[in-house]
Amino acid sequence: VVAIIAGSAIGVVAGSRLALKTRDLITDVLGLITILAAASAIIPMFSKEFSSALPKGWTLLSILASLLIGGLIGSALKLEDRLEHLGQNLRRRFGAHHEGTFVEGFVSSSLLFVIGPLAILGSISDGMGTGIDQLSLKSILDFFAAIAFAASLGWGVAASAIPVGIYQGIWTLIGFLLGNVLAQYQIDAMTIVGGLLLLSIGLRLLKIKEVAVGNLLPALAVAPIFVYVLHALIG
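Residues numbered from 1 in each chain as written. Predicted model: local features only at pLDDT ≥ 70, side-chain atom pairs only at ≥ 80, totals over all residues. Heavy atoms only, no water.

The next subject is the packing of helix 2 (residues 20-42) against helix 11 (residues 184-205). Look at helix 2 against helix 11: their axes get within 8 Å of each other, and the N-to-C directions meet at 160 degrees. Regarding the angle of helix 2 to helix 11, the classification is roughly antiparallel. For helix 2 against helix 11, the interelement crossing comes out left-handed. Touching Thr27, Asp28, Leu30, Gly31, Thr34, Ile35, Ala37, Ala38, Ala41 and Ile42 of helix 2 are Thr191, Ile192, Gly195, Leu196, Leu198, Leu199, Ile201, Gly202 and Leu205, all from helix 11. Taken together, the residues of the contact of helix 2 with helix 11 break down into twelve nonpolar, six polar and one charged. (Axes fitted to C-alpha atoms, helices over the stretch in contact; angles between N-to-C directions. Helix = DSSP H or I, 4+ residues; strand = E, 2+ residues; numbered from the N terminus. Parallel < 35°, antiparallel > 145°, perpendicular 65-115°, else oblique. Left-handed = near helix turned anticlockwise from the far one by under 90°. Contact = heavy atoms within 4.5 Å. Nonpolar A, V, L, I, M, F, W, Y, C, P; charged D, E, K, R; others polar.)

In terms of nonpolar packing, the biggest core is built from 50 residues, with Phe50, Ile63, Phe113, Phe149, Val157 and Val193 touching the most fellow members. Residue contributions to this core peak at ten residues, all from helix 11. (Core = buried A, V, L, I, M, F, W, Y, C linked by side-chain atoms within 4.5 Å. Buried < 20%, exposed > 50% of the residue type's maximum accessible area, 1.4 Å probe, protein only.)

The next thing to look at is the packing of helix 6 (residues 102-114) against helix 11. Where helix 6 meets helix 11, the axes come as close as 10 Å, and the angle between the chain directions of the two elements is 155 degrees. The angle between helix 6 and helix 11 falls in the class roughly antiparallel. For the pair helix 6 and helix 11, the crossing hand works out as left-handed. Taking contact as the criterion, the partners of Glu104, Val107, Ser108, Leu111 and Leu112 in helix 6 are, on helix 11, Leu198, Ile201, Arg204 and Leu205. Grouping the constituent residues of the contact of helix 6 with helix 11 by class yields six nonpolar, one polar and two charged.

Helix length check: helix 2 (23 residues) gives 33 Å between terminal C-alpha atoms against 33 Å at 1.5 Å per residue, within 8%. Residues of helix 2 that are buried: Thr27, Leu30, Gly31, Thr34, Ala38, Ala41 and Ile42. Residues of helix 2 that are buried make contact with helix 6, helix 8 (133-153) and helix 11. (Expected span 1.5 Å × (residues − 1).)

To continue, consider a nonpolar patch on the surface. The grouping of Ile225, Tyr228, Val229, Leu233 and Ile234 at the surface amounts to a nonpolar patch, some 530 Å² of accessible area in total. Mapped onto the elements, Ile234 comes out in helix 13 (residues 219-234). (Patch = residues over 30% accessible without salt bridge, like charges linked within 9 Å, V, L, I, M, F, W, Y side chains within 5 Å. Areas by Shrake-Rupley, 256 points an atom, 1.4 Å probe, with all protein chains shown as cover. Salt bridge = Lys/Arg side-chain N within 4 Å of Asp/Glu carboxyl O.)

Its location among the elements puts Leu203 in helix 11. Distance from Leu203 to Ser47, taken between C-alpha atoms, is 26 Å for residues 156 residues apart in sequence. Leaving out residues up to four positions away in the same chain, Leu203 has contacts with Ile208 and Lys209.

On average, the chain scores 84 in pLDDT, and the residues at 70 or more come to 90%. Predicted confidence in the chain is weakest over helix 5 (residues 79-94), with a mean pLDDT of 75, and strongest over helix 4 (residues 59-77), with 95. (pLDDT = per-residue confidence, 0-100.)

Our next topic: the pattern of salt bridges. This model, assessed by the stated rule, comprises three salt bridges. In this structure, Glu80 engages Arg204 in a salt bridge whose closest nitrogen and oxygen atoms are separated by 3.1 Å. Linking Glu80 in helix 5 with Arg204 in helix 11, this pair joins segments that are 124 residues apart in sequence. An identical accessibility class is assigned to Glu80 and Arg204; each is buried.

So, about the packing of aromatic side chains. Each aromatic ring pair is summarised here by two numbers: the centre-to-centre distance and the angle between the ring planes. This structure, assessed with the given rule, holds two aromatic pairs. For the ring pair Trp58 and Phe226, a centre distance of 6.3 Å and an interplane angle of 45 degrees mean the geometry is tilted. Of this pair, Trp58 sits in the loop between helix 3 (48-52) and helix 4 while Phe226 sits in helix 13, placing them 168 residues apart in sequence. Among the residues examined, Trp58 registers a relative accessible area of 32% and is labelled partly exposed. Note on Phe143 and Phe144: the rings are 5.2 Å apart at their centroids and 75 degrees apart in plane angle, and the pair reads as edge-to-face. Classification of Phe144 by relative accessible area gives exposed; the value is 53%. (Phe/Tyr/Trp six-rings, centres within 6.5 Å; stacked < 30°, edge-to-face > 60°.)

In this section: unusual backbone geometry. Positive phi, normally seen in glycine, also occurs at Lys78, with a value near 55 degrees. Counting through the fold element by element, Lys78 comes out in the loop between helix 4 and helix 5. We note that Lys207 has phi near 60 degrees; this positive angle belongs to a residue other than glycine. Here Lys207 lies in the loop between helix 11 and helix 12 (213-216).

Here is the structure:
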């Protein structure tokens, strides 16, 4: 949380000195880097460990089913609208201009910072008392990402520290109460789904396609449950 706020402050100060075309270029670069991160996150789908944990032919179908189920849940709960509404409320509280990029910065960076194995693994490891190495690494990555995002998207990036703190705090509590709750193939499933959500964020940043990523967030929770059921079938 501190790394995101500090990085955002630096980014806003630097961004105010940049021309509009330069800030747009930075956003495009962020979109490309986000897509690159998405490609890296999808790699476990092709691993022997992940495929061997599922029934034959279900490697891709498990991810498809997780996204469809998660998307239906998210749409029913109107998560995308709720995220945007939260961003608008925070924008007014921060006194940001309506025509600015506060909501875009809040939504995009919130999703980017919470998606990925480090947010979950690092928080669980911290909760179990086995060290904060993974959280430290994530903090460094988030710090530099916040600088880049805030230079283009403004204070909305700093506001993303709120959902990030809540999300990682929940996983820390899970780690404290339940210990190691996920098997590796379940973490792989979450990582793959997260990679596809990152790809959607990249497409939004590049203004190629406006995907309602917020509505797909439940897929992160559906994925480990769905693959666990499939794994039990071959057990």
